[in-house]
Structures are given as C-alpha cells and as structure tokens.
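If you want the building blocks of each chain, they are given just below.
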Amino acid sequence: LSIYEDSTGNIWVGTFVGLNKIVPSIPYGDDGSVTRYSHNPGDSNSLGSNGIHLIYPEIDNAFWLATFGSVDLFANGKIERVFKKGERVRALTKAKDGTLYIGTDRGMFVGKRSSGRFLFTKSKTVLQGVLSLSQDKLGRIWAAGSWGLACYDPKQDIAIHFGELDGIVEPSTYGAQSIAQSK
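Cut-offs and rules
Residues numbered from 1 in each chain as written. Predicted model: local features only at pLDDT ≥ 70, side-chain atom pairs only at ≥ 80, totals over all residues. Heavy atoms only, no water. Helix = DSSP H or I, 4+ residues; strand = E, 2+ residues; numbered from the N terminus. Rg over C-alpha atoms; globule rule 2.2 N^0.38 Å. Buried < 20%, exposed > 50% of the residue type's maximum accessible area, 1.4 Å probe, protein only. Contact = heavy atoms within 4.5 Å. Lys, Arg positive; Asp, Glu negative; His and termini not counted. Charge placed at Lys NZ, Arg CZ, Asp CG, Glu CD. Pairing = 2+ DSSP bridges. Axes fitted to C-alpha atoms, helices over the stretch in contact; angles between N-to-C directions. Phe/Tyr/Trp six-rings, centres within 6.5 Å; stacked < 30°, edge-to-face > 60°. Lys NZ or Arg CZ within 6 Å of the ring centre and 35° of its normal.

S.K.: How should I be thinking about the overall build of the protein in this particular structure?
M.R.: On a plain count of helices and strands, the protein comes out with zero helices and 16 strands. By the compact-globule yardstick of 16 Å for 183 residues, the protein fits well, its C-alpha radius of gyration being 17 Å. Each principal axis of the C-alpha distribution contributes one length, and for the protein these read about 55 × 40 × 35 Å. In the protein, which comprises 183 residues, the share counted as buried stands at 44%. Contacts in the protein between residues at least 24 apart in sequence constitute 32% of all its contacts with a sequence separation of at least 6. The centroid of the 20 positive side-chain charges in the protein is displaced by 6 Å from the centroid of its 18 negative side-chain charges.

Written as structure tokens, this is what we have:
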C-alpha cells in the first residue's frame, strides 16, 4: 500500500488493485466516501496499471503514481500517462529543475519536459534495478538497489557506485530500499 493525504484532507490509497480516494468528511458508506480508480485497457485516461507501488506528491493537489507498468500524473481529477514503457516502476523523484527520475527493475530513466510532455532516456550510468531515489541539496540523484548505492551527477552525467566493499550491501540482504532527506 502507498498512502497520501492531499491538501484538502482526502486520503489516497494505492493498492495492487487500483487507486482509492477516501473523503473523511463524508461518512463511510455514503455516496462519495470512497471512489475507486482502475486500469481500463480501452481508456488511455485510466490508470496505466492497477498495481500502484508509490504515490509521490506534485504541486497544486496533483500527484504521481508509480505503477507496475507506467508512471501516471493525477491532476484536476484526470489521469495522464507520462511513462509507458511497460517497466515495473519501483521509485520516482522529481528534481528541483523539473526532471523526472524513474527507478525500474532494469535501471533508471531520466525524463525531461519538452513541448508539454516528458521524453525519457535510459540512464547509461545507473543500469541495475532501482528501488529508491532521492535528490540531495547539491542536485545529485541518489539511487539505491539490491546492488548498493549510486550517486548520479546530472550536470556531468556520471555516477559513483558504492557497494559491498564500501560497507553498503551484505550478500545476505536485499540492499538499500529507502532514502530520506532532512528538510
């Protein structure tokens, strides 16, 4: 499950069977107390996949949905499919410059907005499965996976990889799965 509270107090819950909006101000069971959104293969404005791994906040009561096949932007009651490469999306972060970084089972993708849409390229420096992403105060992107940790510098398009020799991963573990930053 992934849970997000928007600025109006609605609770959004991402599950393996879709997205649910819970309105706490409406008594449970009354019409509108819970609204469910799901994938419809015939509707490009529905969820890209029912399996939602992560809800990531955006500005103005919008949020990103990382699913098991796409990244969708939910804004103004509409769903826009932004990343649809059929990848199992595990992580995402939006950098201060607007670049969208997506972690999948096959590595990191970098999305730049052009003519109102995101255009994605696969990173040539973070190639293994990414489970968590975060931007630091210097604008670098930290990516974590079962293989260890990478610090990606988008200005130079290079990454420094930290692994078992650096004390980051032990062979018996699945490696780093969460990265957090103080405010």
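Next comes the rest of the description.
S.K.: I'm lost on the pairing of strand β7 (residues 71–75) in this one. Help?
M.R.: Counting buried residues in β7 gives four out of five residues, a clear majority hidden from the surface. Where strand β6 (residues 63–67) meets β7, four bridges bridge the pair, whose relative direction is antiparallel. Counted as the bridge partner of Phe 63 is Phe 74 from β7. Taking the residues between adjacent antiparallel strands as the criterion, β6 and β7 are bridged by three residues. The pairing of β7 with strand β8 (residues 78–83) spans five bridges and is antiparallel. Following the sheet pairing, Phe 74 is matched in β8 by Ile 79. As consecutive antiparallel partners, β7 and β8 are separated by two residues, and within that stretch Asn 76 has a phi angle of approximately 55°, a positive value.

S.K.: Would you mind going over the sheet that holds β8 with me for this structure?
M.R.: In a beta sheet, neighbouring strands pair by backbone hydrogen bonds and run either parallel or antiparallel. Read from one edge of the open sheet, four strands run β5-β6-β7-β8, paired in antiparallel fashion. The open sheet terminates on both sides in strands that have one partner only, identified here as β5 (52–57) and β8. Taken over all neighbouring pairs, the strand axes of this sheet differ in orientation by 25° on average, direction set aside.

S.K.: Looking at this structure, how should I read the packing of aromatic side chains?
M.R.: The description of two aromatic rings rests on the distance between their centres and on the angle between their planes. One pass over the structure, following the stated rule, counts 13 aromatic pairs. With centroids separated by 5.4 Å and ring planes inclined at 55°, the aromatic side chains of Tyr 4 and Phe 63 adopt a geometry described as tilted. Taken together, the residues Tyr 4 in strand β1 (residues 2–5) and Phe 63 in strand β6 connect sequence positions 59 residues apart. In terms of burial, Tyr 4 and Phe 63 fall into one category: buried. Ring centres of Tyr 37 and Phe 74 lie 5.2 Å apart, and the angle between their planes is 80°; this geometry places the pair in the edge-to-face category. With Tyr 37 in strand β4 (residues 34–37) and Phe 74 in strand β7, the pair connects residues that are 37 residues apart, well separated along the chain. Since its relative accessible area comes to 4%, Phe 74 is described here as buried. An aromatic cluster of at least three residues, connected via ring pairs, comprises Tyr 4, Trp 12, Tyr 37, Phe 63 and Phe 74. Sitting above the plane of the Phe 68 ring, Arg 88 keeps its charged end 4.2 Å from the centroid.

That's the geometry; what it means functionally is another story.
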